[in-house]
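# Secondary and tertiary structure notes
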There are 2 protein chains.
Amino acid sequence: MIRTVTIIGSGNVGYHIGRAIFRLDGFDEAADRYIMQNFSRDFTKAQYLADEVYSEATDSILDIEPNNDLYIIAVKDDAIEDVAAQLSAAGLTDELVVHTSGATPTTVLAKYFTRYGSFYPLQTFSRSRKANFKTVPLCIHANSNTDIEALSELATQLSDNVNFINDEQRASLHVAAVFVNNFTNYLYQVGEQLLQQKDVSLDLLRPLILETARKVQRHSPINMQTGPAIRSDHQTIERHLLYLQSQPEIAALYEHLTKRIMDKEAVT
Amino acid sequence: MIRTVTIIGSGNVGYHIGRAIFRLDGFDEAADRYIMQNFSRDFTKAQYLADEVYSEATDSILDIEPNNDLYIIAVKDDAIEDVAAQLSAAGLTDELVVHTSGATPTTVLAKYFTRYGSFYPLQTFSRSRKANFKTVPLCIHANSNTDIEALSELATQLSDNVNFINDEQRASLHVAAVFVNNFTNYLYQVGEQLLQQKDVSLDLLRPLILETARKVQRHSPINMQTGPAIRSDHQTIERHLLYLQSQPEIAALYEHLTKRIMDKEAVT
């Protein structure tokens, strides 16, 4: 059982994971389970997180103490390997070290540690919105069954949606998440921009945005596709392109997506 | 006050509007307010709707009776003008005739009727999902203030989100709706496809899809943009494109949307 956890990183992911673990029933003095240390390059941030979870703050990775049960690296992708190297320099070798990244394979940790894995919460976090961790899909992986079980024991307390996801699967999730989150949000931006040009509020589209997301909670999006492209309604498509003619970049995106929807239909 | 309504069309929009009006408090015999007729080219469909709202079914527009307070044309865009011409042939001239289309200007009705307008519910309807009409944005327009007031009286009973939207504004809404609904749903499809290739369920992305839509319910999407493109994280973008190299069409879409997000950032 994982009793002692150290969290490296003070971004949204480190913050939400740290708080979620700290608030677990049975993660306390009585059960002898603790968050030991919080690291951030910025000591104020480390202190802020440490105060929330009764741990110790540090801004030096070399001060990270070895021999705890789990080290969670929750830093930007391009800093993971550097942090791993420093943790190794701090004396970690046989401890279980995981990162929270969707994009980085766990094998980058293999150079430094004998036990490694991932602990990847697949949700978009922001400091200002409360995360209900119970509904966040947690993707876990480790290079031994014993460690997978240990991570699973902790993960299933945190979330009702725990998944065993290897590096290759996690890579697919990360790319797919860009499509359904980042790119989707960009389409919302385009929508707002088009309305602003005519003094119309995004409030008129907000229910549609929400309903579009709700519809695919139980159905497959392929069965929920509507609109002029899937209907091959060329008259409406032409009218929309005419409407967009003074905004060539938005028109080009409209054409690209319309073509994809039409082609897909032709293939399937 | 609008007391008698005729509905032309038996698709999702006609169905949901008809039911919503029928269920209004005070839309009954006691108040002398009725849905008079339901038209569909398919008599079975017309009958089905008519039975639900205690009206008369017809599959012939020439049987539509004149002198009612409101005629709602809820048919496909390319059929609106034909329906209008037939209603005119059926004897309608000074009656208030509206259509429910986002794409078609109300002026197509001006050739046939002296009083015309629009009654456009901005939501994605499906027969299988109950629509809470109270939350559906209703966009209304008419060519006289008296008729705008009459439509408004009816609309505000149906929905808490009634908006006065002219033809030009409605055109912007219709294009914007394609971006936030049709194109967004297509991005969900791409996400599901990428996961299926690695035997991963869309269930892992469903909470993210919903949270992405929820975030913009109170915030502007421009402030909610995350991901490698907005961070100019070229390393992750390159890794994703490498991942997609065997799927050139998905890669091309990834590049197009990434470029748009980056360019936008550069401009603003």
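The notes below deal with the structure included here. Residue indices follow the written sequence of each chain, beginning from 1 at its first position. Following the order in which they are written, the chains are lettered starting with A and the ligands numbered starting with 1. Local features in this predicted model are restricted to residues whose pLDDT is 70 or higher, and side-chain atom pairs enter the listing and the counts only when it is 80 or higher, whereas totals over whole chains, interfaces and linings include all residues. Neither water nor hydrogens contribute to the side-chain values; these are computed over all heavy atoms in the structure.

## Digging into the interface of chain A and chain B
Definition in use: Every residue pair with non-hydrogen atoms within 4.5 Å of one another is taken to be in contact. When a carboxyl oxygen of Asp or Glu is within 4 Å of a side-chain nitrogen of Lys or Arg, the pair counts as a salt bridge. The term polar contact refers here to a pair of N or O atoms within 3.5 Å; inside protein, the definition further demands a hydrogen-donor-capable atom paired with an acceptor-capable atom, and it admits residues adjacent in sequence only when both atoms are side-chain atoms. The way it works is that DSSP assigns letters per residue, a run of H or I at least four long becomes a helix, a run of E at least two long becomes a strand, and they are numbered from the N terminus.
Each side of the interface is counted separately: chain A has 90 residues, and chain B has 90 residues. With its nearest N and O atoms 3.2 Å apart, the salt bridge here joins E249 of chain A to R260 of chain B. Across the chain A-chain B interface, the total number found is 37 residue pairs in polar contact (both at pLDDT 80 or more). Of all the elements in the fold, those that place two or more residues in the side of chain A that touches chain B are α3 (77–89), α6 (167–196), α7 (206–215), α8 (234–243) and α9 (248–267) of chain A.

## Considerations on the relation of the copies chain A and chain B
For clarity, the threshold we go by: Least squares is the method for superposing the copies, and the C-alpha atoms it fits come from residues with pLDDT of at least 70 in both.
Take chain A, turn it by 180°, move it 0.0 Å along the axis, and it overlays chain B with an RMSD of 0.0 Å. Considering both components of the superposition, the chain copies are consistent with a two-fold axis. Scanning chain A for the C-alpha nearest the rotation axis identifies T184 of chain A, at a separation of 2.7 Å. Both copies present the same face, since 100% of the interface residues in chain A are matched by interface residues at the equivalent positions in chain B.

## Focus on the pairing of strand β5 (residues 96–99) of chain A
Residues and elements named next belong to chain A. Just so we agree on the cut-off: Accessibility here uses a 1.4 Å probe with only protein chains present; expressed as a share of the type maximum, an area under 20% marks a residue as buried, one over 50% as exposed, and anything in between as partly exposed. Note: two strands are recorded as paired if DSSP finds a minimum of 2 bridges between them. Call a crossover right-handed when, viewed with both strands pointing away from you, the route from the first strand across the helix to the second goes clockwise.
Going residue by residue along β5, you find L96 and V98 tucked away on one face and V97 and H99 tucked away on the opposite face as well. Bridging between strand β4 (residues 70–73) and β5 involves 3 bridges; their strand directions are parallel. Paired with I73 across the bridge in β5 is H99. In the classification by handedness, the crossover that spans β4, the intervening α3 and the parallel β5 is right-handed.

## A look at the sheet that holds β4 of chain A
All names here are of chain A. Note the following rule: Angles shown run from 0 to 180 degrees and are taken between the N-to-C directions of axes, each axis being a line fitted to C-alpha atoms and, for helices, limited to the stretch in contact.
Within the open sheet, the 8 strands sit side by side as β3-β2-β1-β4-β5-β6-β7-β8. Their pairing is mixed. On the outer flanks of this sheet lie β3 (56–58) and β8 (162–164), each paired with one strand and no other. Averaged over all adjacent pairs, the angle separating strand axes in this sheet is 20°, with direction ignored. Along the sheet, helix α2 (residues 43–52) makes contact with β2 (34–39) and β3, crossing β3 at roughly 165°.

## Description of the packing of aromatic side chains
As a reminder of what qualifies: Classification of ring pairs rests on two measures: the distance between centres of Phe, Tyr or Trp rings, Trp counted by its six-membered ring, which must be within 6.5 Å, and the angle between planes, read as stacked under 30 degrees, edge-to-face over 60 and tilted in between.
Throughout the structure, instances matching the rule amount to 12 aromatic pairs over all chains. A centroid spacing of 5.1 Å and a plane angle of 65° characterise the contact between F22 of chain A and Y54 of chain A, whose relative ring orientation is edge-to-face. Of this pair, F22 of chain A sits in helix α1 (residues 12–22) while Y54 of chain A sits in the loop between α2 and β3, and the two are 32 residues apart along the sequence. A relative accessible area of 24% places F22 of chain A in the partly exposed class. Judged by centre distance (5.3 Å) and plane angle (70°), the ring pair of F183 of chain A and Y254 of chain B falls under edge-to-face. Remark: Y254 of chain B occurs in helix α9 (residues 248–267) and F183 of chain A occurs in helix α6; the pair is interchain, linking two chains. The buried category is assigned to F183 of chain A, whose relative accessible area is 1%. Each residue in the set F179 and F183 of chain A together with Y254 of chain B is aromatic and connected to the rest through ring pairs, giving one cluster.

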